[in-house]
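Each chain, letter by letter, is given below.
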Amino acid sequence: MTWETVIGLEVHVQQSTRTKMFCGCIASFGDPPNTNVCPTCLGLPGALPVPNVEAVRLAVRGALALGGTVHHESVFARKNYFYPDLPKGYQVSQFDRPLSTGGAVWFESPERGRVACSITRLHIEEDAGKSLHDRYPGHTAVDLNRAGTPLAEIVSGPDLRSPAEARAYLVALKQILVYAGVSDCSMEKGTLRVDANLSIRPAGQQALGTKTEIKNMNSFANVERALTAEYERQVALLESGGRVEQVSLLFNAANGTVRPTRSKEDSHDYRYFPDPDLPPLVLTEAFIEEQRQALPELPEARRARFEAAYGLSAYHAQELTGERAVADYFEATVQAGAEAKAVVGWVLGDAMAAYNADGRFRVSPAQLAELVAAIAGGVLSQQGAKQVFVHLLSAGPGKHSIADVAGKLGLVQVQDTGALEGWVDDVLAAHPDEVTRFRGGEAKLIGFFVGQVMKKSKGKADPKGVAPILQKKLRAG
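So, a few notes on the structure that sits alongside this text. (Residues numbered from 1 in each chain as written. Predicted model: local features only at pLDDT ≥ 70, side-chain atom pairs only at ≥ 80, totals over all residues. Heavy atoms only, no water.)

This paragraph deals with the overall build of the chain. What the chain contains, in helices and strands, is 16 helices and 17 strands. Over its C-alpha trace the chain gives a radius of gyration of 30 Å, far above what one expects of a compact globule, namely 23 Å for 477 residues. For the chain, the spread of C-alpha atoms along the principal axes amounts to about 95 × 55 × 50 Å. Counting across all 477 residues of the chain, residues that qualify as buried make up 48%. When contacts within the chain are restricted to residue pairs at least 6 apart in sequence, long-range pairs at least 24 apart make up 68% of them. Accessible surface, the chain as shown: approximately 22600 Å² in total, 54% of it carbon and sulfur. Looking at the chain, you have 51 positive and 54 negative side-chain charges, and the mean spots of the two groups are 4 Å apart. (Helix = DSSP H or I, 4+ residues; strand = E, 2+ residues; numbered from the N terminus. Rg over C-alpha atoms; globule rule 2.2 N^0.38 Å. Buried < 20%, exposed > 50% of the residue type's maximum accessible area, 1.4 Å probe, protein only. Contact = heavy atoms within 4.5 Å. Areas by Shrake-Rupley, 256 points an atom, 1.4 Å probe, with all protein chains shown as cover. Lys, Arg positive; Asp, Glu negative; His and termini not counted. Charge placed at Lys NZ, Arg CZ, Asp CG, Glu CD.)

Here you go:
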């Protein structure tokens, strides 16, 4: 039997705020356990929550970036459950009246091409603490630093049809949220976490199968691996006459398997009710419009503009706009006077390698534009330009002229005709056999001669000036 996969994702994104959702505690990563806590996030009697305006602002901005409808009134609710890392015994979230509904994320599916995954809702909630199972042998420790940090939960529709599509959707979603300044979306720091729901059904059937949920995956690659493992588990179960139970699962990245942890809860299990300490969240149209105007050009629009305005291929536009910082650097270099297509290779090659090493571009857009112009003008060879680029990386920030650096390193190409003719004469005299073969019809040897002239000149000869001199002297004989 042919099975169809149905996948929906719940993505929890920690907004880039300095403080927590309902108190003034610092929301930072990596601090000593239980140091960023107060009576409010510890759930002590008498402590009252106050919503973080910046968290609301960023959540609205994220909803608008995803094309959602932000509601003028939404309601905070208590989601009741008991776990060691939830000191209040409930999580403040939103249930039947979320901040936003609707929207979509477009992405490139490996199987179906350009497709959209719908967004069901985006709502605001607070995070729980963290259980640490490896701190003390035989015991579980609890760190409540994370308790109360602001989250935007983004729930997709059941529109994804393969584990590879789920990964592609997550990449596109992350790009949008980072561009919009909502979050850094770092899975390493836990500012983006994914729960994935998967079911299977016979191909052509409309009714959904029983879904399971895989929780707490720590990379997009592991999301894809976990969903693949769960798909295979469900297929094997159904084809052997068994049935799928609605359970929550954990993925073991070491051996690539999933294992059940507990029966999956439904909404009624949490006994949601409006939080009596928090009034409805009321947003004015002016506030919502302010966030809409604050949005930058988003990845999809920027890709299309790069193709149209700069004549780039779809592939290059996609690569350049993958990170906002990279796209900004490329565009700043073009605006500094460089030809767009000549810049692409540098940004995606040498500049990107340096950026990946320390997270910043140490060669300024103006310097890179000057370097590209030096190649186009014959002042530097491609190899010489790469040496200048490496020197600029080590020199650090500053006003280093490309001409000065190239002169200091002895890399300026010689264009003087007399000097070029001298090197050409020396090379032809040193290779009489090759000269005879060229004159006998082996025209491809012109490349050999150019290479020898470059070697003779220690890379200083301008290849564009060498070639015509060689042609003239070889044919003259």
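So much for the structure itself; the text now carries on.
The next thing to look at is the packing of helix α15 (residues 446-456) against helix α16 (residues 463-476). Contact geometry for α15 and α16: axes closest at 10 Å, N-to-C directions at 125°. In terms of axis orientation, α15 runs oblique to α16. Here the hand of the crossing between α15 and α16 comes out right-handed. Touching Ile446, Phe449, Val450, Val453 and Met454 of α15 are Pro463, Val466, Leu470, Gln471 and Leu474, all from α16. The residue inventory of the contact of α15 with α16, partitioned by class, reads nine nonpolar, one polar and no charged. (Axes fitted to C-alpha atoms, helices over the stretch in contact; angles between N-to-C directions. Parallel < 35°, antiparallel > 145°, perpendicular 65-115°, else oblique. Left-handed = near helix turned anticlockwise from the far one by under 90°. Nonpolar A, V, L, I, M, F, W, Y, C, P; charged D, E, K, R; others polar.)

One open sheet accounts for three strands, arranged β5-β4-β16; its pairing is antiparallel. Two strands close off the open sheet at either side, each with one partner strand: β5 (90-94) and β16 (273-274). Note: strand β4 (residues 76-80) against β5, five bridges, orientation antiparallel. Bridge assignment links Ala77 to a residue of β5, and that residue is Ser93. (Pairing = 2+ DSSP bridges.)

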